[in-house]
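Descriptive structure summary
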Amino acid sequence: MGVFCYEGVLLRVISIYLTKKIMKGYPPEYWDAFYETGRLGWDIGYVSTPLKEYFDQLTDKSIKILVPGAGNGWEVEYLYGEGFENVFILDFSPKAVERFKKRFSSFPQDNILEEDFFDHNEKYDLIVEQTFFSSLPRNLRPLYVDKMHRLLKPEGKLVGLLFNHEFSFDEPPFGGTPEEYRRLFEPLFKFKYFDVAYNSIKPRMSRELFVLMLKK
Ligand SMILES: C[S@@+](CC[C@H](N)C(=O)[O-])C[C@H]1O[C@@H](n2cnc3c(N)ncnc32)[C@H](O)[C@@H]1O
């Protein structure tokens with residue numbers, strides 16, 4: 001009986017651990033390896049033009065902004081430099097966070113969130129998407145949409161760039177299609193803008209959608 005209970009508990013612990021792993025996607029160590037070796041194919045090294053141009057026309061600099069899965073945090077650096085002091089960087093990779101802190105030592109420590117996006121609980125006026133969605137396994141997409149919705153204040157906005165095609169890789173980035181985005185986001189978000197970005201950087205021209213969604 002004792003052995004039976006012990007085995008039962010052990011199996012349960014293992015199954016919770018595996019479920020968490022599968023549901024949370026690639027773990028921080030997976031991403032750490034890229035930041036350690038500098039193999040950052042997704043990282044353009046500066047704020048992307050469509051996002052920069054969107055940020056540049058915002059007038060209220062007091063809004064609370066989250067950039068999840070921010071990696072090196074180029075958008076965060078840009079926003080903060082432009083006077084958006086209420087901007088938060090979130091990434092669960094210790095190596096990514098370390099790189100950001102090293103590069104941008106004057107950025108407020110309290111605005112650096114080294115945690116899992118799915119465990120984060122706060123409210124924001126604006127959340128920025130930049131190659132985070134496509135880094136998550138496909139089975140997490142509905143959870144991502146739900147989490148974004150929960151993290152936004154009433155009338156909060158989700159803005160960003162999403163690939164306009166699926167990739168056939170068996171590792172990130174996975175991409176996505178306009179049809180799928182509509183199916184996933186439309187129940188919880190009102191689409192204000194959803195079109196191929198006209199001002200993408202050259203290598204991503206015609207390959208990404210600029211999206212601006214309002215929380216329903
Ligand atoms: C493809 S990279 C994109 C980084 C950055 N947005 C960019 O465009 O350069 C994906 C990032 O998301 C982070 N990430 C993946 N899953 C996460 C999660 N569940 N919580 C927080 N960060 C996560 C990874 O550590 C990685 O830095």
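Residues numbered from 1 in each chain as written. Predicted model: local features only at pLDDT ≥ 70, side-chain atom pairs only at ≥ 80, totals over all residues.

Examining the overall build of the protein
Rules: Strands are runs of DSSP state E lasting at least two residues, helices are runs of H or I lasting at least four, and both sets are numbered from the N terminus onward. The exposure label follows from counting other C-beta atoms within 10 Å of a residue's C-beta, where the C-beta atoms are placed from the backbone and the thresholds are 20 or more for buried and 12 or fewer for exposed, leaving partly exposed in between. Placing a C-beta atom from the backbone of each residue, one calls two residues in contact when those atoms lie within 7 Å.
The helix and strand tally for the protein stands at 7 helices and 7 strands. Listing the helices and strands of the protein from first to last along the sequence gives α-α-α-β-α-β-α-β-β-α-β-α-β-β. Within the protein, the fraction of its 216 residues that count as buried is 31%. Of all intrachain contacts in the protein linking residues separated by at least 6 positions in sequence, the fraction that spans at least 24 positions is 67%.

A closer look at the nonpolar core
How we decide: The nonpolar core criterion groups buried Ala, Val, Leu, Ile, Met, Phe, Trp, Tyr and Cys residues into a set whenever they are joined through C-beta atoms within 7 Å.
Formed by 45 residues in total, the largest nonpolar core has its most connected members in Ile65, Leu66, Val67 and Ile127. No other element matches strand E5 (residues 152–163), which puts 5 residues into this core. The residues touching isoleucine 65, leaving out its near neighbours within four places in the chain, are Leu79, Phe84, Asn86, Val87, Phe88, Tyr124, Asp125, Leu126 and Val128.

Considering unusual backbone geometry
Most peptide bonds are trans, and most residues other than glycine sit at a negative phi. Cis geometry marks the peptide bond from proline 172 to proline 173, where omega comes out at 5°. You can see proline 173 is positioned in the loop between E5 and helix H7 (178–185). The phi angle at glutamate 155 is positive, at roughly 70°, despite the residue not being glycine. Positionally, glutamate 155 belongs in strand E5.

As for the pairing of E5
Selection rule: A pair of strands is labelled paired if DSSP reports no fewer than 2 bridges between them. Here the term right-handed applies to a crossover when the path leading from its first strand over the helix to its second strand runs clockwise, the strands being oriented away from the viewer.
As defined by bridge partners, strand E4 (residues 124–130) adjoins E5 across 6 bridges and the pair is classed as parallel. Each residue of the ladder has a partner; that of glutamate 129, found in E5, is glycine 160. In terms of handedness, the path from E4 via helix H6 (residues 141–151) over to E5 forms a crossover that is right-handed. Bridge count between E5 and strand E7 (residues 208–215): 7 bridges; the pairing is antiparallel. Paired with lysine 157 across the two strands is leucine 214, which belongs to E7.

Some points on the pairing of E7
Here strand E6 (residues 189–196) pairs with E7 via 7 bridges, running antiparallel. Paired with phenylalanine 189 across the bridge in E7 is lysine 215.

A look at the site of the ligand
This is how it is decided: Here, nearness means that the C-beta atom of a residue, built from backbone geometry, sits within 6 Å of the molecule or strand in question. When residues are sorted by character, Ala, Val, Leu, Ile, Met, Phe, Trp, Tyr, Cys and Pro go into the nonpolar class, Asp, Glu, Lys and Arg into the charged class, and all the rest, Gly among them, into the polar class.
Lining the immediate environment of the ligand, one finds 22 residues, of which Trp31, Gly69, Gly71, Ser93 and Phe117 sit closest. Class assignment of the residues belonging to the shell around the ligand gives a composition of 10 nonpolar, 8 polar and 4 charged.

A closer look at the packing of helix H2 (residues 28–37) against helix H5 (residues 94–103)
Spelled out, the test is: The axes are straight lines fitted to the C-alpha atoms, using for helices just the contacting stretch, and the angles between their N-to-C directions are given from 0 to 180°. For classification, angles of less than 35 degrees are called roughly parallel, those exceeding 145 degrees roughly antiparallel, those between 65 and 115 degrees roughly perpendicular, and all remaining angles oblique.
Interhelical geometry of H2 versus H5 gives an angle of 45° and a closest axis separation of 7 Å. Relative to H5, the element H2 is oriented oblique. Between H2 and H5, the contacting residues are Pro28, Trp31, Asp32, Tyr35 and Glu36 on the first element and Pro94, Lys95, Ala96 and Arg99 on the second. In terms of residue class, the contact of H2 with H5 is built from 5 nonpolar, no polar and 4 charged.

Digging into the environment of glycine 175
Note on placement: glycine 175 falls in the loop between E5 and H7. For glycine 175 and arginine 207, which are 32 residues apart along the polypeptide, the C-alpha to C-alpha distance reads 9.9 Å.

Observations regarding helix H4 (residues 74–81)
Within H4, 6 of the 8 residues are buried, leaving the element largely enclosed by the surrounding structure. Those residues of H4 that sit buried are Trp74, Glu75, Val76, Glu77, Leu79 and Tyr80. Residues of H4 that are buried sit in contact with helix H3 (49–56), strand E1 (65–68), strand E2 (87–90) and E4.

Brief notes about the sheet that holds E1
Within a sheet, neighbouring strands are paired by backbone hydrogen bonds and run either parallel or antiparallel to one another. Strand order in the open sheet made by the 7 strands is E3-E2-E1-E4-E5-E7-E6, with mixed pairing throughout. The open sheet has two edge strands, strand E3 (112–113) and E6, and neither has a second partner. Relative to the sheet, H6 contacts E1, E4, E5 and E7, its axis offset from that of E5 by approximately 140°.

Examining the environment of tyrosine 181
With respect to the helices and strands, tyrosine 181 occurs in helix H7. C-alpha of tyrosine 181 to C-alpha of asparagine 164: the two residues are 17 residues apart in sequence and 9.3 Å apart in space. Tyrosine 181 has contacts with Leu162 and Gly176, leaving out every residue within four places of it along the chain.

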